[in-house]
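Remarks on the overall topology
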Amino acid sequence: MDGLETDNDGVYVVGATNYDLEGLDPAITRRFSSKIYFPYPSKEERLQFILHILKKKGLEGVISEKKAKTLNLMMYGRMNNYAEIETFFEESIAEAVYKGIAVSEKFLFNRIHNDTDGEARSEENIERLTAVAFHEAGHAVLQWHYGRKNEYVTIVSRGGYGGYAMADSKLRTKKEFLEQIRISMAGRAAELLRLSGNKDQDDSEILDTGAYSDLQKATSYAYQCVARYGFGTRFT
């Protein structure tokens, strides 16, 4: 680029990147007179691309469209563009061939988890597993109650979580935000309901910090309701 002069008519230098421009060296970005932003594909566009990749790789009969939608939701926010999605499938197929195993829904789900959250942690404490199961069931039941389809529920511990219940949701109205706050608190509520049925157990010995991220999310939703979207009923 240093060798190009500005009066070279008809010569254009084009660059492309998946990185945020703020994270690039200004010595590079200032050499371009125009910058055009292309947003990441939408969820629906991503799903159609995943279905295209599955067909191209001969996996459309192995991974159903329903499971492709679940894969799409699991990737969302972690693999943001088409290149990252296609690379994921190519590397997954290569790993399956190397290990001599078939590419399946479970295999792809585990690969996403391993890539983004780390290897699964074994848990042999039955009481702990039961508590996590009740916790995630609380989230899943309330998601179903509010008409949000549960796409994926797991009690396998990875990274900083013991499990999670995933549903596709859109937050646009005050009602939907309030529902999401209740869903966030439903895991701890389910644990308390379980403990209330056993008077011999001391909840101080059973309850742990597992609801930490849920409390953070509920607080964030409440803050957004009032401070960002003006859904509060009182003004000063």
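This structure is a prediction, so every number in the text was calculated from the model and none was measured. (Residues numbered from 1 in each chain as written. Predicted model: local features only at pLDDT ≥ 70, side-chain atom pairs only at ≥ 80, totals over all residues. Heavy atoms only, no water.)

1. Some points on the nonpolar core
In this structure, Met75, Phe89 and Leu108 are the most contacted members of the largest nonpolar core, which totals 26 residues. Only α2 (43-56), α3 (65-75), α4 (82-99), α5 (105-117) and β2 (164-167) provide two or more residues apiece to this core. Sequence-distant contacts of Leu108, defined by excluding residues within four places in its chain, comprise Ile63, Leu71, Phe88, Phe89, Ser92 and Val103. Counting residues in each nonpolar core, the second largest holds 5 residues, with Phe177, Ile181, Tyr221 and Cys225 among its members. (Core = buried A, V, L, I, M, F, W, Y, C linked by side-chain atoms within 4.5 Å. Buried < 20%, exposed > 50% of the residue type's maximum accessible area, 1.4 Å probe, protein only. Helix = DSSP H or I, 4+ residues; strand = E, 2+ residues; numbered from the N terminus. Contact = heavy atoms within 4.5 Å.)

2. Topic: the packing of aromatic side chains
Enumeration over the complete set of coordinates arrives at 9 aromatic pairs. Centre to centre, the rings of Phe177 and Tyr221 are 6.4 Å apart; their planes meet at 70°, and the pair counts as edge-to-face. With Phe177 in helix α7 (residues 174-196) and Tyr221 in helix α9 (residues 212-228), this residue pair connects regions lying 44 residues apart in the sequence. Grouping residues by exposure puts Phe177 and Tyr221 together as buried. Here the aromatic cluster, defined as three or more aromatic residues joined through ring pairs, consists of Phe109, Tyr152, Tyr161 and Tyr164. Directly above the ring of Tyr76 sits Lys43, whose terminal nitrogen or CZ lies 4.8 Å from the centroid. Over the ring of Phe134 we find Arg194, and its NZ or CZ is 5.3 Å from the ring centre. (Phe/Tyr/Trp six-rings, centres within 6.5 Å; stacked < 30°, edge-to-face > 60°. Lys NZ or Arg CZ within 6 Å of the ring centre and 35° of its normal.)

3. Overview of α4
The terminal C-alpha atoms of α4 lie 26 Å apart, and with 18 residues this matches the ideal 26 Å at 1.5 Å per residue to within 8%. The elements touched by buried residues of α4 are α2, α3 and α5. The backbone nitrogen of Ala83 lies 3.1 Å from a side-chain oxygen of the residue at the head of α4, namely Asn81. Phi turns positive, to about 70°, at Gly100, one or two residues after α4. (Expected span 1.5 Å × (residues − 1). Polar contact = N/O pair within 3.5 Å; in protein donor to acceptor, adjacent residues only side chain to side chain.)

4. Looking at the confidence of the model for the chain
Within the chain, residue pLDDT values average 85, and 91% of them lie at 70 or more. Per-residue pLDDT, averaged within each element of the chain, yields its smallest value for helix α8 (residues 203-206) (64) and its largest for α2 (93). (pLDDT = per-residue confidence, 0-100.)

5. Quick look at the packing of α2 against α4
Relative to each other, α2 and α4 sit at 35°, their axes nearing to 11 Å. The chirality of how α2 crosses α4 is right-handed. Contacts from Glu45, Arg46, Phe49, Ile50, Ile53, Leu54 and Lys56 of α2 reach α4 at Tyr82, Ile85, Glu86 and Phe89. Each residue belonging to the contact of α2 with α4 can be placed in one class, and the counts come to 7 nonpolar, no polar and 4 charged. (Axes fitted to C-alpha atoms, helices over the stretch in contact; angles between N-to-C directions. Left-handed = near helix turned anticlockwise from the far one by under 90°. Nonpolar A, V, L, I, M, F, W, Y, C, P; charged D, E, K, R; others polar.)

6. Some remarks on the packing of α2 against α3
Where α2 meets α3, the axes come as close as 9 Å, and the angle between the chain directions of the two elements is 125°. Accordingly, the angle class assigned to the pair α2 and α3 is oblique. Both α2 and α3 take part in a crossing whose hand is right-handed. For the pair α2 and α3, the contacting residues are Lys43, Arg46, Leu47, Ile50, Leu51 and Leu54 in the first and Glu65, Ala68, Lys69, Asn72, Leu73 and Met75 in the second. (Parallel < 35°, antiparallel > 145°, perpendicular 65-115°, else oblique.)

7. Observations concerning the pattern of salt bridges
Tallied over the entire structure, the rule returns 10 salt bridges. Note that Lys56 is salt-bridged to Glu86, the shortest N-O span being 2.9 Å. With Lys56 in helix α2 and Glu86 in helix α4, this pair connects stretches of sequence that are 30 residues apart. If you follow the salt bridges from partner to partner, you end up with Glu95, Lys99, Arg111 and Asp115 in one network. (Salt bridge = Lys/Arg side-chain N within 4 Å of Asp/Glu carboxyl O.)

8. With respect to the environment of Tyr161
Counting through the fold element by element, Tyr161 comes out in the loop between β1 (150-154) and β2. Note: C-alpha distance between Tyr161 and Ser213 (52 residues apart in sequence) is 8.5 Å. Aside from chain neighbours lying at most four places away, what touches Tyr161 is His113, Asp117, Arg121 and Val156.

9. What about the environment of Ala211?
Secondary-structure assignment places Ala211 in the loop between α8 and α9. For the pair formed by Ala211 and Tyr19, sequence separation is 192 residues and the distance between their alpha carbons is 33 Å. Aside from chain neighbours lying at most four places away, what touches Ala211 is His135 and Arg188.

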